[in-house]
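# Structural characterization, general
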Amino acid sequence: MAVSLVIAWQLGYFELGERERVVAVLRQGRETAWAAPLFVTFYVLAATVGLPTTPLSVVGGALFGAARGFALAWTAEMVATLTAYALARSIGQRPVRRFLGRHHLLGRVQKRADFLTLLRLRVLPIAPFAVLDYVAGLAGVSLRVLLFATAVGILPSVIAYTYIGAEIASGLGETGAAQVRSLWIAAGVTFTMICFSLSPSLIRWFRQ
């Protein structure tokens, strides 16, 4: 995200003319009827094949605002969970087992697949989003438990990154101190999520 902001700055997207053009595109996207279904469809496909979903949450916040972007991203991740789990349990079981048969999460989930374990694995980005879904499918985890853990576990990241996208889009439409404020808020939320993600490793390192 930091690299993207630097590139955007170097390309002139924070200049007044370019900002107005980007804001116009975002406004047009919000008003287009097919934008939301297309976004959800692409999000589901990307999440199902294991692509990073964080940039898509940011884009959703920028396009649709924090509240609507969150609702769309959360829905897409739930659908992606159901899709990946179904693939792992049905027609995709053999290739998924061949690809993830020795993944370190498989043994952990097979030993303990209660709600709290799945919630912790979902909250922390230990693996790409879809990997846990495929592993849960291979291990025979209850779909109801997986969906419940996913519904709760993805809340912090989806809320944070759709909010970041909304703040960046808001900053593009403003000038001076308001724009700087939006970028600082986005940077602060990003830094908080990074620290949150690294907290288990840091705690383990301090204990050692």
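One structure accompanies this document, and this report is about it. (Residues numbered from 1 in each chain as written. Predicted model: local features only at pLDDT ≥ 70, side-chain atom pairs only at ≥ 80, totals over all residues. Heavy atoms only, no water.)

What follows covers the overall build of the protein chain. Within the protein chain, the secondary structure is distributed over twelve helices and zero strands. Traced from its N-terminal end to its C-terminal end, the protein chain shows the element sequence α-α-α-α-α-α-α-α-α-α-α-α. For the protein chain, the accessible surface area stands at approximately 11900 Å², while carbon and sulfur atoms represent 67% of it. (Helix = DSSP H or I, 4+ residues; strand = E, 2+ residues; numbered from the N terminus. Areas by Shrake-Rupley, 256 points an atom, 1.4 Å probe, with all protein chains shown as cover.)

Before going further, it helps to examine the environment of Ile159. Here Ile159 lies in helix α11 (residues 155–172). Since its relative accessible area comes to 45%, Ile159 is described here as partly exposed. Spatially, the C-alpha atom of Ile159 lies 7.7 Å from that of Ala66, the residues being 93 residues apart in sequence. (Buried < 20%, exposed > 50% of the residue type's maximum accessible area, 1.4 Å probe, protein only.)

Quick look at the packing of helix α3 (residues 35–48) against helix α4 (residues 54–64) now. Orientation of α3 relative to α4, taken along the N-to-C sense of each, is 175°, at an axis distance of 11 Å. Considering the angle they form, α3 stands roughly antiparallel to α4. Each of Ala35, Ala36, Phe39, Phe42, Tyr43 and Ala46 in α3 lies in contact with α4, whose residues at this interface are Leu56, Ser57, Val59, Gly60 and Phe64. Its residues assigned to classes, the contact of α3 with α4 comprises nine nonpolar, two polar and no charged. (Axes fitted to C-alpha atoms, helices over the stretch in contact; angles between N-to-C directions. Parallel < 35°, antiparallel > 145°, perpendicular 65-115°, else oblique. Contact = heavy atoms within 4.5 Å. Nonpolar A, V, L, I, M, F, W, Y, C, P; charged D, E, K, R; others polar.)

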